[in-house]
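Observations on the three-dimensional arrangement
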Amino acid sequence: MTLQQTFDFGRVSPPPPSRRNLVIEAGAGTGKTTAIVAEVLKLMIEGEDVAPERIVLMTFTEKAAGEIADRIRGALEELAVQLSVVGSQWSEHSRSTGALGQPTIDNRQPLTWPSGSPNPLVTASADAVTKSAIDHHLANIDSLRSQTIHSFCQSLLRSFPIEAELDPQFKIIEGFERSLLYSQLYDAWVDAETRVDPQPEIVREWELLFTHVGYLFQIREVVMSLVERRDLLNETDYDFGDFERDVLPKLEEAVIWICRDTATCKDASATRVAAYLRATPFKGGSLDRWIEYLEPIAASMRNIDLRYCGPVKEPMVVLRSGDKGESIYDRLVSHRVSLALLALTRRFLNFLDVEKRKLGVVDFDDLLLRTLAVLGDDAVLARARSQFDFIFVDEFQDTDRTQARIIDKLSRDASGAHVAGKTIVVGDPKQSIYGFRRADPETYYRMTEDLARGGAEQRILDEQYRSDPPLLDAINVMFDRLFPEQPIHDPNVFRPAYHSLKARAKPRREMDARVTIINAQHQEKSDRFFAEAEAIAEWIRSHRDASDPLDLQRFAILFRRLTK
């Protein structure tokens, strides 16, 4: 008798319950990956109509992508084993009772995952519908899209190369190859700007940079550092401030005030500034003209002592503009140089894009930025959205602004609303450590709040399986004070609330928590690190249980730096 013969084929699978988007905040050791596997597993056992190739699992590394895919396969195999056991039991029951063809018994054991867990994350009925779904997904599991977001963006660009203005066979460059190409293109661009076709305004910008920065190689370093943040250079919501809007009214008022007020002051520098302004009429003008006008008194403005300015103290505050040693002239020059640097960098980026298109190459930043750009085409966006039913994002706290915008675009429908049940993000803002890769905790906050306003379920995983209970108790006490609940969110100082963790790991040690001072004696300063290492190793050896193998997981060594 087969497994299918013991099941009731008259059962009709009910439609899946209405799904909601999901935001999971999971502290360290609470099982983020397990949570993702469980949610994918729930989708798959709902029925065969859930296509693995329409499920996207975005992870931070290729290794993590492979691990999640393997664990999903393993979970399906665990359920398949349970089904085979159930089938064998019911086949034996039918043979012993002669119940061939009889309906299944209602109180049979359900399938659970993880197998044998007292608190399973997934529970399913052991019926023909479930078996068919599991068999189907195991046969097609290799089509599951478990990949990094860069890999995901690459696949999208290869689907829409014409719309993205890319060679369909584009090559990805990285590391030394990328650096070499950028250096060569930078030299060609500088030559074009300064020798081949010098424009007066462009030459003026280069002159400003040379005056302010000093050397050509230093200008190159600054431009290249800005190229690494091209995501922000493309932002239209940011600027360097507007001279006519933010500075000019106060500056004009200060100059008019000093010119009209004939009162003297005790400070010599302020007296020289006032004499120059009263003797040198100026009707205003552009930022460059104001810089030229104020240059002769720049040194005097820097040395103004506001304590002795008397009735003209208020306008002198504007002209000195900061601590002693600074002036409004210096700020205007810095602003002008910043504008020149911004314009130069944007021209270089345009030059880079043109040349890279000719060569048919992109780098990792291009994968993200060009994906975001091509999704600005409504027709492309509609087609891209239709390819995916579910989007899972692991380690969401390490997502940067561009990545978040790509995910956000794909998670919505044509009306701009989040598609219910399509997006599942998992992360912990307190573990955001990839700022050097442009990870932005504020981005995490804004998108998760937006999902919540759209009806997403917010779930907190607080059962921790990694640390000893005494250690976790101490961490809870400290972090509850370090990360208190903030009544008002401050976008400039991101401080996520701490959710106390509950220890679920078995204690690994008997001893009480205590502080031990180790005296690592050494002669030379260079020997200190070796002496400390030997002292710590000896302390560990002396505290091991001779009857048990050495468990190094009991010990953590923390450093201020990793250089030694």
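Source: prediction; values computed, not measured. Residue positions are given per chain, counting from 1 as you read along its sequence in written order. The model is predicted, so local features are restricted to residues of pLDDT at least 70 and side-chain atom pairs to those at 80 or more, both for listing and for counting; the totals for chains, interfaces and linings are taken over all residues. Note: side-chain values were computed over all heavy atoms of the structure, leaving out hydrogens and water.

Quick notes on helix H6 (residues 200-213)
Given a rise of 1.5 Å per residue, 14 residues ought to cover 20 Å, and the 20 Å separating the end C-alpha atoms of H6 matches this to within 8%. Inspection of H6 places Ile202, Glu205, Trp206, Leu208 and Leu209 among the buried residues, and these make up the whole buried set. Buried residues in H6, looked at end-on, bunch into an arc of 155 degrees, giving them a common side. Exposed residues on H6 whose side chains face more than 90 degrees from its buried face are Pro200 and Thr211. In this text, helices come from DSSP runs of H or I with a minimum length of four residues, and strands from runs of E with a minimum of two, each type numbered from the N-terminal end. The span you would expect from a helix comes to 1.5 Å times its residue count less one. Three exposure classes are used, based on accessible area relative to the maximum for each residue type with a 1.4 Å probe and protein chains only: buried under 20%, partly exposed in between, and exposed over 50%. Of all possible arcs, the one meant is that of the directions from the helix axis to the C-beta atoms.

Description of the sheet that holds strand E2 (residues 55-59)
A strand pair is defined by DSSP finding two or more bridges across the two strands. Spatial ordering of the open sheet is given by E5-E2-E8-E9-E1-E10, a layout of 6 strands whose pairing is parallel. Of all the strands in the sheet, just strand E5 (145-148) and strand E10 (457-461) have a single pairing partner and so form its edges. On average, each strand axis in the sheet is inclined to that of its neighbour by 15 degrees, with strand direction left out of account. Here 3 bridges tie strand E8 (residues 390-393) to strand E9 (residues 423-427), and the two strands are oriented parallel to one another. Bridging across to E9, Phe392 finds its partner in Ile424. Here an angle of 0 to 180 degrees is reported between the N-to-C directions of two axes, which are lines fitted to C-alpha atoms, with helices fitted over the stretch in contact.

Thoughts on empty space enclosed by the protein
Here a cavity denotes a set of grid points, spaced 1 Å apart and computed over the protein atoms alone, in which a 1.4 Å probe fits but from which it cannot get out, and a pocket denotes an open set meeting protein on both sides within 12 Å along at least five of seven lines; residues with an atom within 4 Å of a point are reported as lining. Grid points are joined across faces, edges and corners, and a volume is the space filled by probe spheres set on the points. Inspection of every chain in the model, using the stated rule, returns 2 cavities of 30 Å³ or more. Within this model, the largest cavity holds a volume of roughly 80 Å³. Surrounding the largest cavity, Met58, Thr59, Phe60, Ile149, Val393, Asp394, Glu395, Asp398, Thr399, Gln403 and Ile407 form its lining. At the level of elements, E2 and helix H17 (401-411) are the ones that each hand at least two residues to the lining of the largest cavity.

Quick look at the side chain of His137
Inspection of the secondary structure assignment puts His137 in helix H3 (residues 128-139). Owing to a relative accessible area of 0%, His137 belongs among the buried residues under this scheme. In contact with His137, other than residues within four places in its own chain, are Met44, Gly47, Glu48, Val50, Pro52 and Leu76. What makes two residues a contact is simply this: any of their non-hydrogen atoms within 4.5 Å.

Quick word on the nonpolar core
Core analysis: the largest hydrophobic core is formed by 53 residues, its most contacted members being Leu294 and Met316. Among buried residues, those of type Ala, Val, Leu, Ile, Met, Phe, Trp, Tyr and Cys that are joined through side-chain atoms within 4.5 Å constitute a nonpolar core. By size, the runner-up hydrophobic cluster in this structure holds 35 residues, among which are Ile72, Val86, Ala124 and Phe390.

A short note on the side chain of Thr148
Considering the arrangement of structural elements, one finds Thr148 in strand E5. The buried category is assigned to Thr148, whose relative accessible area is 8%. In terms of polar contacts, Thr148 uses its side chain to reach the backbone amide nitrogen of Ser151, at 3.1 Å. Look past the residues within four positions of Thr148 in its chain and what remains in contact with it is Thr59, Phe60, Thr61 and Glu62. For the purposes of these results, a polar contact is taken to be a pair of N or O atoms within 3.5 Å, where, inside protein, one atom must be able to donate a hydrogen and its partner to accept one; residues adjacent in sequence count only when each atom of the pair is a side-chain atom.

Structural notes on the pattern of salt bridges
Here a salt bridge means any side-chain nitrogen of Lys or Arg lying within 4 Å of a carboxyl oxygen belonging to Asp or Glu. Going through the model one piece at a time under the given rule, you end up with 39 salt bridges. Across the salt bridge formed by Glu165 and Arg357, the nearest N and O atoms sit 3.6 Å from each other. Of this pair, Glu165 sits in the loop between helix H4 (149-159) and strand E6 (171-172) while Arg357 sits in helix H14 (residues 328-359), placing them 192 residues apart in sequence. Given a relative accessible area of 54%, Glu165 falls into the exposed group. Salt-bridge contacts for Arg347 lead to Glu205; the nearest nitrogen and oxygen are separated by 3.0 Å.

Section: the packing of aromatic side chains
Only Phe, Tyr and Trp rings take part, Trp by its six-membered ring, and two of them pair if their centres are within 6.5 Å. Stacked means planes under 30 degrees apart, edge-to-face means over 60, and tilted covers everything else. For the coordinates displayed, the defined rule picks out 14 aromatic pairs. Centre to centre, the rings of Phe282 and Tyr293 are 4.3 Å apart; their planes meet at 15 degrees, and the pair counts as stacked. With Phe282 in the loop between helix H10 (268-279) and helix H11 (287-294) and Tyr293 in helix H11, the pair connects residues that are 11 residues apart, well separated along the chain. Overall, Phe282 belongs to the partly exposed group, its relative accessible area being 23%. A relative accessible area of 6% places Tyr293 in the buried class. Each ring, one from Phe396 and one from Tyr444, has its centre 5.8 Å from the other, and the planes form 45 degrees; the classification is tilted. Highlighted residues: Phe396 in the loop between E8 and H17 and Tyr444 in helix H18 (residues 441-453), separated in sequence by 48 residues. With respect to burial, Phe396 and Tyr444 carry one shared label: buried. Taken together, the ring pairs in this structure connect Tyr186, Trp189, Trp206, Phe210 and Phe348 into an aromatic cluster.

Some words on helix H20 (residues 528-542)
Its 15 residues give H20 an end-to-end C-alpha distance of 21 Å, which sits within 8% of 21 Å, the value for a rise of 1.5 Å per residue. For H20, the full list of buried residues reads Ala531, Ala535 and Ile540.

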